[in-house]
Amino acid sequence: MGQIKVIRSKRRTMALTVDDELNVIVRAPFLMPDKVISSFIKQNEKWIEKQTEKKRQYFENHPPLTKEQEAELKKAALEILPQKVKHYAEIMGVSPTGIKITSAKKRFGSCSGKNSLCFSFMLMQYPEEAVDYVVVHELAHIRHHNHSRDFYRFIEKYMPDYKEREKLLKK
């Protein structure tokens, strides 16, 4: 386990996260006594250990990419994703206002309020079925800007096996 960092801010509750350097981040209200924060950490030791181990295993299985590997993934994303977006957008009857390829590490895709789509080139490391799911997921946000039942029904209409495809992204 890395260091424990306490970040105080204008908030009402405490929260825990483990960052990529395996530090424990505790977010706490400004006036929360140190004793209460220490107790909170102690109560959540098992969760902290589990999250730290999860992150450690992730980094063992996903070593950092070289510049060349990143360049190859970006090139593939620029070639493949716009075609997939065009294909599924026609089938689904939606029109994105733009497509951008990013180097986001935490999310595979996003849809802005103005229906512009962003995809991380990191997505290109996953099976094609998973890539197609992310494209359909983001296109579905053009119709439903949330994760409601209607949103998932809309996805299911065009991709009945979306749940299996989504699981591929978690491996």
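See the structure printed just above.
Everything in this summary refers to the structure shown in the same document. (Residues numbered from 1 in each chain as written. Predicted model: local features only at pLDDT ≥ 70, side-chain atom pairs only at ≥ 80, totals over all residues. Heavy atoms only, no water.)

Note: strands within a sheet are paired through backbone hydrogen bonds, in either parallel or antiparallel orientation. Overall, mixed pairing links the three strands, which are arranged β4-β6-β5 in an open sheet. What marks the edges here is a single partner per strand, and that holds for β4 (98–102) and β5 (109–111). Each strand axis lies, on average, 15 degrees off the axis of its neighbour in the sheet, ignoring direction. As judged from the three bridges shared by β5 and strand β6 (residues 116–120), these two strands associate in the antiparallel manner. (Pairing = 2+ DSSP bridges. Helix = DSSP H or I, 4+ residues; strand = E, 2+ residues; numbered from the N terminus. Axes fitted to C-alpha atoms, helices over the stretch in contact; angles between N-to-C directions.)

Moving on: the packing of helix α3 (residues 67–92) against helix α4 (residues 128–143). Here α3 crosses α4 at 55 degrees, and the two axes come no closer than 10 Å. On the basis of their axis angle, the class for α3 and α4 is oblique. For the pair α3 and α4, the sense of crossing is right-handed. Facing α3, whose interface residues are L81, K84, V85, Y88, A89 and M92, α4 presents E128, V131, D132, V135, V136, L139, A140 and R143. Residue classes in the contact of α3 with α4 are distributed as 10 nonpolar, no polar and four charged. (Parallel < 35°, antiparallel > 145°, perpendicular 65-115°, else oblique. Left-handed = near helix turned anticlockwise from the far one by under 90°. Contact = heavy atoms within 4.5 Å. Nonpolar A, V, L, I, M, F, W, Y, C, P; charged D, E, K, R; others polar.)

Relative to the 24 Å expected for 17 residues at 1.5 Å per residue, helix α2 (residues 45–61) spans 24 Å between its end C-alpha atoms, a close match to the ideal helical length. The complete set of buried residues in α2 reads I48, Q51 and T52. The buried residues of α2 occupy an angular sector of 100 degrees when the element is viewed end-on, so they sit on one face. Summarising the geometry of α2, the exposed residues directed more than 90 degrees from the buried face are K46, E49, K50, K54, E60 and N61. In this structure, the buried side of α2 is in contact with β2 (15–18), β3 (24–29) and α1 (34–43). (Expected span 1.5 Å × (residues − 1). Buried < 20%, exposed > 50% of the residue type's maximum accessible area, 1.4 Å probe, protein only. Arc of directions from axis to C-beta.)

Ranked by internal contacts, the top residues of the largest apolar core, which has 31 residues, are L81, M92, F119 and L139. Contributing elements (two or more residues each) for this core: α3, β6, α4 and α5 (149–158). Ranked by residue count, the leading element in this core is α4, at nine residues. Within the second largest apolar cluster, 10 residues are counted, among which are V24, M32, F40 and I48. (Core = buried A, V, L, I, M, F, W, Y, C linked by side-chain atoms within 4.5 Å.)

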